[in-house]
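# Chain and residue survey
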Amino acid sequence: MVETTVRPPERRAAANSRFGPYAAVLRSRIRAQRVYRLSFASDAAGATMVGLVEFAEVWVLFNQAKVLGGLDLDAALLLFGLSNLAFALAQLMCGHLDKLPGLIRLGMLDIYHLRPQPVLLQLITSDFSLRRLARATVALVVLVTGLVRNDIGWSVHTVGLIVLTVVCATVLFAGLFVVAAGCQFFLIDGAELTNSFTYGGSFAATQPASVFPTPLKLLFCLAIPVAFTAYFPTLALLGLPGPAGFPSWLAWWSPMAAAWVWVLAWGMWRFGTRHYQSGGG
Amino acid sequence: MPATVLDLRGTAGVYRRLLVAGFRRQWHYKLAMFAGLFTNCVFGFVRASVMVAAIGATGGFAGYDAGSIGAYVWISQGLLGAMQFMAAEIELAERVRTGDIAIDFLRPVDVQLGNLAADLGRALCTLIPRGIPSLLIGSLTFGLVLPTAPGPYLLGALSILLAAAISYLSLFALTMIGFWVVETRGFRSLYQTAGTFLAGLFVPVHIFPDWLRAIAESTPFPSMLQVPVDVLSGRATGWDAAALVGTQIFWLLVVGALGRVMLAAGRRKLEVQGG
């Protein structure tokens, strides 16, 4: 049933548009992963477990502490659901940028430089792991549970805030992966450093920012503003007061936070690619 | 009989040299170790803030107060590099996948013990640039409480060594699955996530609900992190600490034997394609 040679005409037409080539690559990646059903099923089961364990970490702590940083377990469901859904979606798109040091070391990045398309877009479409959807699904279930269990005043406003938050948070986390990738050009040996703002940022985003001491608050609210991915929106949805100096309308500023991270990402990526010298090969 | 004794003596020297080689090899990756320390510290700051806030909100739980929870967080962050959780070793996995392991079988060194010796060397090396600074940074920023008597440190050193060996041998057993399945990535990522959680990295095993704690304690994972942290921080002392180290020896033997059985079975199964 797998189509290989015969292409329906509408696909060929799509290939003429500017993003056509990327769409074609993505389609083939998705098809390829569905062919090996058993392998895909085990991968997806593994990714689901990863999502469940990450949720268990939050759950055990709130089970013990009851209220942490002004949030109870129900509020923590919202916090975890929003940030983890966005992180899983960003990881689906950009998570494999982690592999850049390996490509550089083996001299394989040169292949991407030879093609007449932006290197970053090629890298982003070079791998597209559907198994990561499993992790997003766990986060989505937690988020929906949180939305049901909390007393939320439903209106167009709240729906708009949730949609805006998930979209902007995904863009923000994707930007962090690009910042990390830009740093990899300098840190071949020290690639683990960038985990501190990709995975560390995601970890910090699942915690109530009010518990952080001031330097960390500044870090996660301003410099690497992951507090916008879930903490501020959770406060706004539940009508809770935030920590001093952080008014509730900040929840609507997630587009600004995402834009700021992409300014960093653009700068870091440009800086990195200009520094790049082939590893040979 | 004299020949066997002689053989063993000869091999002991080889393993010692493998251990030194593992240490020296790791010593060259200075930027990598600095990067590891940096990331450990960022996670340490986040974890410590959350834990201290949780202690503040409840007035302490499971016998922890602000000082001892700080010791738990920063010791566990400091040991993380040695325990090889995050970068689940793929060099051996790759050798199993490609069949290069067949070459290792021809060498006069036991595959399991040789790899263990090299990894212990690596683990001991990471304690210098990652373990010690992590404790220093933790005590400067969060003021953790550490024991003042020498006992916990001596037993703690033994416990760390055992934990590093258990963590390597259990990863070794996991890698052996590669003889039967081509891709072990799914298994490894599951091991990494479920393992660090059950080992007590994110929240101490002591605050797990009873059923979850029972699950954790029926696995070797707490022996890789929670136990050395408890012994070193002085949470467990005297006979309690000795009993914990006894549990570690039990798990060392279990995962070691499991790895040996799987290695032997994999060796029979191994089929090297032409070349």
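Nothing here was measured: the structure is a model prediction, and the numbers come from that model. (Residues numbered from 1 in each chain as written. Chains lettered and ligands numbered in written order. Predicted model: local features only at pLDDT ≥ 70, side-chain atom pairs only at ≥ 80, totals over all residues. Heavy atoms only, no water.)

Bringing the overall build of chain B into the picture now. Counting its secondary structure elements, chain B contains 11 helices and 0 strands. Secondary structure elements of chain B occur, N-terminal to C-terminal, as α-α-α-α-α-α-α-α-α-α-α. Computed over the C-alpha atoms, the radius of gyration of chain B is 20 Å, within 12% of the 19 Å expected from 2.2 N^0.38 for a compact globule of 275 residues. Principal axes of the C-alpha set define a box for chain B whose edges measure 65 × 40 × 40 Å. Split into buried and exposed, the 275 residues of chain B put 52% on the buried side. A fraction of 80% describes how many contacts in chain B between residues 6 or more apart in sequence connect residues 24 or more apart. For chain B, the exposed surface amounts to about 12700 Å²; the carbon and sulfur share of it is 68%. Mean positive and mean negative side-chain charge positions of chain B (20 and 15 charges, respectively) differ by 6 Å. (Helix = DSSP H or I, 4+ residues; strand = E, 2+ residues; numbered from the N terminus. Rg over C-alpha atoms; globule rule 2.2 N^0.38 Å. Buried < 20%, exposed > 50% of the residue type's maximum accessible area, 1.4 Å probe, protein only. Contact = heavy atoms within 4.5 Å. Areas by Shrake-Rupley, 256 points an atom, 1.4 Å probe, with all protein chains shown as cover. Lys, Arg positive; Asp, Glu negative; His and termini not counted. Charge placed at Lys NZ, Arg CZ, Asp CG, Glu CD.)

Right, let's get into the interface of chain B and chain A. Taken residue by residue, the interface counts 36 residues in chain B and 33 residues in chain A. Carbon and sulfur atoms supply 77% of the area buried between chain B and chain A, which totals about 2900 Å² over both sides. Counting the surface chain B buries against chain A, the share from its top three residues, F43, V46 and V50 of chain B, is 17%. At the junction of chain B with chain A, the criterion picks out 1 salt bridge. The salt bridge involving R130 of chain B is made with E192 of chain A; its shortest N-O contact spans 3.6 Å. Viewed at the interface, chain A and chain B are joined by 2 residue pairs in polar contact (both at pLDDT 80 or more). Within the residue set of the side of chain B that touches chain A, elements represented by two or more residues are α2 (30-58), α8 (185-198) and α9 (210-217) of chain B. When grouped by side-chain class, the residues that make up the side of chain B that touches chain A number 26 nonpolar, 7 polar and 3 charged. (Buried area = accessible area lost by both parts, 1.4 Å probe. Salt bridge = Lys/Arg side-chain N within 4 Å of Asp/Glu carboxyl O. Polar contact = N/O pair within 3.5 Å; in protein donor to acceptor, adjacent residues only side chain to side chain. Nonpolar A, V, L, I, M, F, W, Y, C, P; charged D, E, K, R; others polar.)

Residues and elements named next belong to chain A. Here T234 is to be found in helix α12 (residues 231-238). Within polar-contact distance, the side chain of T234 engages the backbone oxygen of A230 at 2.6 Å. In this structure T234 touches A75, L78, L79 and L82, once residues within four positions along its chain are discounted.

Of note, T193 of chain B is situated in helix α8. Polar side-chain contacts of T193 of chain B include one of 2.7 Å to the backbone oxygen of S189 of chain B. Aside from chain neighbours lying at most four places away, what touches T193 of chain B is V50 and V53 of chain A.

A separate point is unusual backbone geometry. Even without glycine at this site, K66 of chain A takes up a positive phi of about 65 degrees. Within the secondary structure, K66 of chain A is located in the loop between α3 (37-65) and α4 (73-94).

Note: predicted coordinates in regions of low pLDDT should not be interpreted at a detailed level. All names here are of chain B. For chain B, per-residue confidence averages 86 on the pLDDT scale, and residues scoring 70 or more make up 93% of the total. Every residue in residues 1-7 is under pLDDT 50, and counting partners more than four places away or in other chains gives 0 contacts. Scoring of the predicted complex yields 0.86 for pTM and 0.84 for ipTM. (pLDDT = per-residue confidence, 0-100.)

In this section: the confidence of the model for chain A. Residue and element names in this part refer to chain A. The predicted model of chain A has a mean per-residue pLDDT of 84, with 92% of residues at 70 or higher. Mean pLDDT across the elements of chain A bottoms out in helix α1 (residues 9-16) (50) and peaks in helix α9 (residues 156-184) (93). Confidence over residues 11-15 falls short of pLDDT 50; this stretch has 7 contacts with residues more than four positions distant or in other chains.

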